[in-house]
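Descriptive analysis of the structure
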Amino acid sequence: MAAIPTGAYTAAGASPQLHPNSWLRVTSARFNFRVRASVSTAGGSAATTGEQPPTPPAPLSNNGSLRNNSTTHELEEKTLTIKDYMEWSKDMIGCGSEGGPPRWFSPLDCASPIKDSPLLLYLPGIDGVGLGLIKHHKRLGRIFNMWCLHVPVTDRTSFTDLVHLVEATVRSEHHHAPRRPIYLLGESFGGCLALAVAARNPHIDLALILANPATRLRESQLQNLIVLSEVIPEQLHPSMVKTLSVTTGLPARVAVAIPGNGLPLQQAVAELFRGDVAFSSYLSVLADVLPVETLIWRLKMLKSAAAFVNSRLHAIKAQTLVLSSGKDHLIPSPEEGERLRHMLPNCEIRRFNNSGHALLLEDGFDLVTVIKGANFYRRGRHLDFVKDFVPPSTSEFDSVYQPYRWMEVAFNPVMISTLENGNIVRGLTGIPSEGPVLLVGYHMMLGLELVPLVSRLWNEKKIVLRGIAHPMMFQRLGEGRMPVLSMYDDFRFMGAVPVSATNFYKLLSSKSHALLYPGGMREALHRKGEEYKLFWPEQSEFVRMAARFGAKIIPFGTVGEDDIGQMLLDYNDLMKIPYFKAGIEELTDEVEKLRNDIEGEVANQDVHLPIILPKLPGRFYFYFGKPIETEGRKEELKSREKAHELYLEVKSEVERCIHFLKEKRENDPYRNIMARIVYQASHGFDSEVPTFDL
C-alpha cells in the first residue's frame, strides 16, 4: 500500500506545516511501519492546532494483530548488516514515503515495550533515513517506546527548524508524561540535534545518547568537504559522491582507500571490494539514499549545527552518555568525547577503540547492553536500581560472558549445594529457584569468585544474582588513579546495586536472589596469612531485613585463591613504600568510604591493589550450606539477641563450608589444571571433570 501524503510541504528552505494527528501507513515487501507526520513551524514553536500529538499505536505484527507482551523476553533475530541497511533504505525511499516533510516512524520489527517504558527519539546522521538502529530495533523496542526521525532526501528543512521539530515533540511528550525521561539518541549530525534540543530545554528530563557526535568539525574530514563544496564549481560536486561511503554508515576504510588512487570512483570502489558482490550491487542505492545535491545541502547544515551547539554547551544539564569510536576517520571522536565529558556536568563516556564512525551498524556492537551496563536506563526521574533493572536475555548474557569464559577453563569450578533434607549434592539443586533468597559468603581475593558464581547460577538455573556492591562500581568522588567506571559495566549489567539499606530492602521485597559479603572490601583485599578468614562486623547487619520478607539465607564458602596466586606485597608492605602509600591514599580519596560509624578491622577499607605472583591454576570450589528459613520468624528476630544468634549461626556455617572444602579438595585428583586438560582431551572438552567423593 502506498503512502498517503498527509503533511503539507512547501518550497525548499521553507518550513513545512505540522499536522500532529496525521498518520500514514507505509508498507513494502521488506518491512511494515507506521509514520507520524510531524515538523516544526517557522517560528520554532509547537503546533498551534490545539491537538496533542498522539501516542504511537502498539506495534503490529505482519498480519496487523497486537504483539503478545509475554513473548518479548527472548528475542530471536536475524543478524542484520550494512547490506540490509541499504536495502531497507532503498525500499523506504522507493515505496512512496518521500513526499512531504520530515516525520517520525516506529519500526514494527520492534518488540512490545515493557510497562512504563520511556520514549526514545532516534536522530540520524546526515543521511536522514532513520534506519541507523536497524540492528537494534528488537532489543531497543523491548525497553523503549521508539520513534525514529526520517528526513526525505528532497527535504530542505534548516537545522533550526529541525531543532524546532524535535523540540515540539519533546515538549508535547513531556506534557503527557512529565515524570518519565525522554531519551534522545543522536548519531553524528543527530548528536548536534540532540544537544541543541537539550540546551533549549534544560527544564525537561532528557537523557542523551550521543554516538560519535559531529560537534567538532575543525579537525575533521567533513570540514574539508564543506570547504571544498563552497569553493569548487557546482559541476564538480558529483566527484564528492565518494563521501557517501562514510556519511551513510559504510566502514571508514572505504573513504580512506579511494582518494588518490587515480581511478574513477566506481572503478575504485569495485577494486576495493573485489568479490564483494553485495557492495557493488548496492552502490546505486547509495546515490538514492543521499544524492549529491542533498549531501552538499546537509554538509552546509552540519556546519551551522556544530556552531549552534558549541555556543550553547554551557546550557546543557541533561544526563549524557557519549559513545566514542577510536578509529573514526571522519571526525575526531575520541578527542571530542573527552571534551564533552569535561564540559557537560552530567556526562559519561564509553570508548570503543576498534570501531569506526558507523558504530551503530557494526557487528558485535550491542547498544542495549551498553546502555544497561552504564546504568543509563531508567523509567523515572531518578534511577531505581531494582525497579529499572531489566534481566538479560540469553543472547545478551552470552555476549557479556564471552570475555570471561577463560575462567571456566582455567578454574573449572566445582559447585556443591545442600538440599533441605541435609543431603549434599553436586550442582546448584539446593538453591531455591524462587526468591527472596540471600546468599551470604566469603569474598575471595579481588572477588575472583564472582564470575563463576554468577555465570553458573545463570547457566544452570537462569537465576540472576543481584550483587550488593561497593559504591566505587557506580560513582567517583574525583578523577585520578581509579579505573574508569566502564570497567564495572558487566557487573552492573548483571544487576549489581550499590550497598544501602534502601536497595537491600527493594531487592528482598521484589523476591530477588541477592548476594551479600559482610566482609566487604576488607575481606576481598586481605593481607598475607589471612586467606579464608572472615572479617565480619560485630553486630548483625542483614538478619532482621531478611526475616521481614521471609527470605531464605544460604551461607556459602569458596576456596581456591591460594591455588592461583601467591601474595608478594600486601597492604602492610605497600604502605611502607612512599610511592605506593601515596597511591593508596589517592585511590581511597576517590571513592566513598563505608562503615565510618564502626571500628575494627572491617572498617579499614583502604583501596589498594596487592601484588600477586600467579601460579599454575588450581581449581575453585563452592559449597552452599543448607538454606536457613526466616519465614514466620519476623517477630522473633526483632529481638537483637535472637537476630545476633542467627547472625553468628550464618557466620559459623560459612566458616564450616570453607573448612569442608579445604579438606575435601586434598582428595580431588583433578585439582591441577594439567590433570583436567588430560581428562578433557580424552573425554571431550565439554565433559564435566570429576572431583572428590561427596
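Residues numbered from 1 in each chain as written. Predicted model: local features only at pLDDT ≥ 70, side-chain atom pairs only at ≥ 80, totals over all residues. Heavy atoms only, no water.

- An unreviewed UniProt entry annotates the protein chain as Acyltransferase-like protein At3g26840, chloroplastic of Nicotiana tabacum.

Quick word on the side chain of Ser687
- You can see Ser687 is positioned in the segment after α24 (673–683).
- Polar contacts involving the side chain of Ser687 include one to the main-chain carbonyl oxygen of Gly684, which spans 2.5 Å.
- Not counting chain neighbours up to four residues away, the residues in contact with Ser687 comprise Tyr679 and Gln680. (Helix = DSSP H or I, 4+ residues; strand = E, 2+ residues; numbered from the N terminus. Polar contact = N/O pair within 3.5 Å; in protein donor to acceptor, adjacent residues only side chain to side chain. Contact = heavy atoms within 4.5 Å.)

Quick word on the pairing of strand β6 (residues 182–187)
- Buried residues dominate β6, accounting for six of its six residues.
- Of the two faces of β6, the one carrying Ile182, Leu184 and Gly186 and the one carrying Tyr183, Leu185 and Glu187 are both buried.
- For strand β4 (residues 119–123) and β6, the ladder comprises five bridges, and the chain directions are parallel. Considered in β6, the bridge of Leu121 is made with Leu184. (Buried < 20%, exposed > 50% of the residue type's maximum accessible area, 1.4 Å probe, protein only. Pairing = 2+ DSSP bridges.)

Remarks on helix α12 (residues 333–343)
- Of all the residues in α12, the buried ones are Ser333, Glu336, Gly337 and Leu340. One face of α12 carries all of its buried residues, which in axial projection span an arc of 105 degrees.
- Buried residues in α12 make contact with β7 (206–211), β8 (319–325) and β9 (347–352). (Arc of directions from axis to C-beta.)

So, the packing of helix α3 (residues 159–176) against helix α4 (residues 189–200)
- For the pair α3 and α4, interaxial distance at closest approach is 9 Å and the crossing angle is 60 degrees. One way to sum up the angle between α3 and α4 is to call them oblique. α3 and α4 meet at a crossing whose hand is right-handed. Between α3 and α4, the contacting residues are Phe159, Leu162, Val163, His164, Val166, Glu167, Val170 and Arg171 on the first element and Phe189, Cys192, Leu193, Ala196, Val197 and Arg200 on the second.
- Residue composition of the contact of α3 with α4, by class: ten nonpolar, one polar and three charged. (Axes fitted to C-alpha atoms, helices over the stretch in contact; angles between N-to-C directions. Parallel < 35°, antiparallel > 145°, perpendicular 65-115°, else oblique. Left-handed = near helix turned anticlockwise from the far one by under 90°. Nonpolar A, V, L, I, M, F, W, Y, C, P; charged D, E, K, R; others polar.)

Comments concerning unusual backbone geometry
- For the bond from Gly435 to Pro436, the omega torsion is 5 degrees, close enough to zero to count as cis.
- Looking at the secondary structure, you find Pro436 in the loop between β11 (424–426) and β12 (437–441).
- Even without being glycine, Leu446 reaches a positive phi, approximately 60 degrees.
- By the element assignment, Leu446 lies in the loop between β12 and α16 (450–461).
- Taking the relative accessible area as the measure of exposure, Leu446 reaches 39% and is therefore partly exposed.
- Non-glycine residue Lys462 carries a positive phi angle of around 55 degrees.
- Considering the arrangement of structural elements, one finds Lys462 in the loop between α16 and β13 (465–469).

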